[in-house]
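# Working through the structure, step by step
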Amino acid sequence: LRSDAGPPADVKPQNTVYVLFTSGSTGIPKGFVMEHGAVATSQRAIAKRLKMTPHVKILQFAAFVFDLCIGEIIAPLITGACIYVPSEHDRMNRLPEYIKDMGINWAFLTPAFVRTILPEQVPSLDLVLLAGEAVGRDILDTWFGKVRLINGWGPAETCVFSTLQEWTSLEESSITVGKPVGGYCWIVDAANPHRRVPAGCVGEIVIQGPTITREYLANPTMTNATVIAGD
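Below is a short write-up of the structure. (Residues numbered from 1 in each chain as written. Predicted model: local features only at pLDDT ≥ 70, side-chain atom pairs only at ≥ 80, totals over all residues. Heavy atoms only, no water.)

Turning to the sheet that holds strand S2 (residues 30-35), a few remarks are in order. Strand order in the open sheet formed by 3 strands is S1-S2-S13, with antiparallel pairing between adjacent strands. The sheet is open, and its two edges are formed by strand S1 (16-22) and strand S13 (215-216), each paired on a single side. As judged from the 2 bridges shared by S2 and S13, these two strands associate in the antiparallel manner. Bridge pairing links valine 33 to glutamate 215 in S13. Strands in contact with helix H1 (residues 36-50) are S1 and S2; relative to S2, the strand with the most contacts, it is inclined by about 75°. (Pairing = 2+ DSSP bridges. Helix = DSSP H or I, 4+ residues; strand = E, 2+ residues; numbered from the N terminus. Contact = heavy atoms within 4.5 Å. Axes fitted to C-alpha atoms, helices over the stretch in contact; angles between N-to-C directions.)

Moving on, we get to the environment of aspartate 67. Note that aspartate 67 resides in the loop between strand S3 (57-59) and helix H2 (68-79). Taking the relative accessible area as the measure of exposure, aspartate 67 reaches 11% and is therefore buried. When the C-alpha atoms of aspartate 67 and serine 124 are compared, they prove to be 25 Å apart, with 57 residues separating the residues in sequence. Once residues lying within four places of it in the same chain are set aside, the contact partners of aspartate 67 are Leu20, Ala156 and Val160. (Buried < 20%, exposed > 50% of the residue type's maximum accessible area, 1.4 Å probe, protein only.)

Across the sheet, which stays open at both edges, the 3 strands sit in the order S11-S10-S12 with antiparallel pairing between neighbours. At either margin of the open sheet sits one strand with a lone partner, and together these are strand S11 (192-196) and strand S12 (204-208). Direction aside, the axes of adjacent strands within the sheet are offset by 60° on average. In the sheet, strand S10 (residues 184-189) pairs with S11 via 2 bridges, with the strands oriented antiparallel. Bridge pairing links valine 188 to arginine 196 in S11.

If you want it as structure tokens, here you go:
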């Protein structure tokens with residue numbers, strides 16, 4: 001029987017939805033705890049910014065230990081898009097052919113990987129989002145005008161992307177990270193995160209909003225050093 005309502009669930013926004021381990025810049029594994037509310041907020045905001053619709057056929061390419069997989073799975077499920085998961089053989093040996101055969105039109109890829117394929121090998125792609133590394137000028141020169149080319153930036157602790165940049169001109173820098181999505185980004189004094197630096201000055205980014213991690217798993221010292229609780 002068809003139902004107009006989903007199954008009953010006692011899930012609250014502050015409940016944990018996943019814990020992901022990352023070494024980050026330290027090389028020491030650490031697990032961060034994401035809540036349902038943070039994931040739902042971030043993925044709805046990202047899907048809206050990217051204009052994701054049920055017509056999207058997205059490639060699920062990232063390994064499940066890489067936070068990019070959250071963006072490949074949750075946002076499409078929210079918007080009714082279709083997720084294509086290649087076999088390990090296709091993923092490692094014939095991904096361009098798989099993309100073409102399936103008519104996949106969106107893909108989230110790393111700059112290192114996108115250098116291994118050419119736009120003419122994947123004519124069905126309408127959007128390529130790059131994440132995980134700085135984007136080289138060579139990628140912009142190769143892919144601009146062939147697809148919607150987007151840069152996604154953000155630490156994994158903010159649920160995939162904190163900023164998005166869609167290039168509209170080859171005159172733009174390839175390393176522009178764009179504007180915040182789902183929250184705010186502040187440029188602050190490296191010695192005092194409560195003090196913003198003047199426009200044009202060098203500082204560090206503080207990310208504010210409902211999309212960030214609750215805590216580092218069983219590590220209150222790191223949590224207190226990294227996460228600033230609101231008043």
